[in-house]
Amino acid sequence: MTVHQAGTNFALALSAILVLGGCFGGGGGGRSAASVGSPAAGATAVERINAGTLAILPKKPGKNWVFDAYVSATAPDVAWSRFWTKSLDFSGVAWDSSRTLTLISPRHALMAKHYQRKPGSLVIFHDAKGHEVPRAMIGIANIAHTDLAVVLLQDAVPDGVKFYKVLPPDESYPERLPGAYTLVTDRERKVHVHQIRILGGPAIAFTKADGLDEAYYEKLITGDSGNPSFAIVRGELVLIETHTTGGPGAGPFVSAPENFAAINAAMQALSQAHGMPAHQLTTSSAP
């Protein structure tokens, strides 16, 4: 099932991933995260990511929304969740539209290429205290061959609004990351826990998470396109994907070498075209 129709080249790459995924079974190549606990010295990337995820999850699933209360005409501020998601900083995600934007620098964001906001649109973030932070979109650069678009904001966001690091590009991820837990968001401003099924080319695909209550899983549907997925890497929320397809979810893997380079090039081109300070992707520690 597709959330919306993406580009032909990306769809072909994604189809190859989903076919290949049958060789891996439901949980990919990693250990069940429920058996990991605190990772020992020499732990694998999957063990470290899964242990970090388990450390924030409650014993029983539920109350997985990002906000206790979102904005209204008379109350532009928000109330961030008091439940388990309160430990996660989602201030860098613009939740004011189903066409979600996710910050990758103080002035740049990612969105789904096939599910865009229009140039000139006003985008609303909220800082750590819940205060509204509006920014205008002044430029868009579509990334060829994958379902990503880079946005330039007229003004940088303040320090109280987070932009997200990404994994450093590495050709070994298709072997190292299947089985890792991911935090998958949707247009309803909820957070689910899925698991990396397979990576290939520029794309990544998810599945139900082994070892977790099924209530942590939810199928993605039409309108969820562009919402981000994160991995917890050494205690940090790291952006790994934005949604293109439904079901367990799949989309462009931000740290695929070709995507990483293309995003950086788009960020630089947009900044130069508008006479803005240059920014590039910021990388996290290796998983």
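Residues numbered from 1 in each chain as written. Predicted model: local features only at pLDDT ≥ 70, side-chain atom pairs only at ≥ 80, totals over all residues. Heavy atoms only, no water.

(A) The arrangement of the sheet that holds strand β10 (residues 191–200) in detail. Judged by pairing direction, the sheet is antiparallel, and its six strands sit side by side in the order β13-β12-β9-β10-β11-β14 without closing on themselves. With one partner strand each, in any of the chains shown, β13 (236–242) and β14 (250–252) form the two edges of the open sheet. The average undirected angle you get between the axes of adjacent strands in this sheet is 40 degrees. Here strand β12 (residues 228–233) runs beside β13; their pairing, made up of six bridges, is antiparallel. Paired with Ala-231 across the strands is Val-238, a residue of β13. (Pairing = 2+ DSSP bridges. Helix = DSSP H or I, 4+ residues; strand = E, 2+ residues; numbered from the N terminus. Axes fitted to C-alpha atoms, helices over the stretch in contact; angles between N-to-C directions.)

(B) Representation of unusual backbone geometry. One non-glycine residue, Lys-63, adopts positive backbone phi at about 50 degrees. Here Lys-63 shows up in the loop between α2 (45–54) and β1 (67–69). Notably, Arg-189 is not glycine yet its phi reads approximately 60 degrees, a positive angle. Tracing the chain through its elements places Arg-189 in the loop between β9 (181–185) and β10.

(C) Seen up close, the sheet that holds strand β7 (residues 132–142). Pairing is antiparallel in the open sheet, where six strands are placed in the order β3-β4-β5-β8-β7-β6. With one partner strand each, in any of the chains shown, β3 (93–94) and β6 (122–126) form the two edges of the open sheet. As paired strands, β6 and β7 are joined by five bridges and run antiparallel to one another. Bridge pairing in β7 links Ile-124 to Pro-134.

(D) Structural context of the pairing of β7. Between β6 and the antiparallel strand that follows it, β7, lie five residues; Gly-130 among them carries a positive phi value of about 90 degrees. Sheet topology places β7 next to strand β8 (residues 149–153); five bridges connect them, and they run antiparallel. When the sheet's bridge partners are listed, Ala-141 is paired in β8 with Val-150. Hairpin geometry of β7 and β8 is characterised by an intervening segment of six residues between the two adjacent antiparallel strands and by a positive phi of about 70 degrees at His-145.

(E) Region of the structure containing the packing of aromatic side chains. In total, this model carries nine aromatic pairs according to the counting rule given. An angle of 80 degrees between the planes, with centres 5.7 Å apart, marks the rings of Tyr-173 and Phe-253 as edge-to-face. Here Phe-253 lies in the loop between β14 and α4 (257–273) and Tyr-173 lies in helix α3 (residues 173–176), a separation of 80 residues in the sequence. There is no split in this pair, since Tyr-173 and Phe-253 are both buried. Connected via pairs of aromatic rings, a cluster forms that spans Phe-67, Tyr-70, Trp-80, Phe-90, Trp-95, Tyr-164 and Phe-230. Above the plane of the ring of Tyr-70 lies Arg-189, whose end atom (NZ or CZ) is 3.7 Å from the centre. (Phe/Tyr/Trp six-rings, centres within 6.5 Å; stacked < 30°, edge-to-face > 60°. Buried < 20%, exposed > 50% of the residue type's maximum accessible area, 1.4 Å probe, protein only. Lys NZ or Arg CZ within 6 Å of the ring centre and 35° of its normal.)

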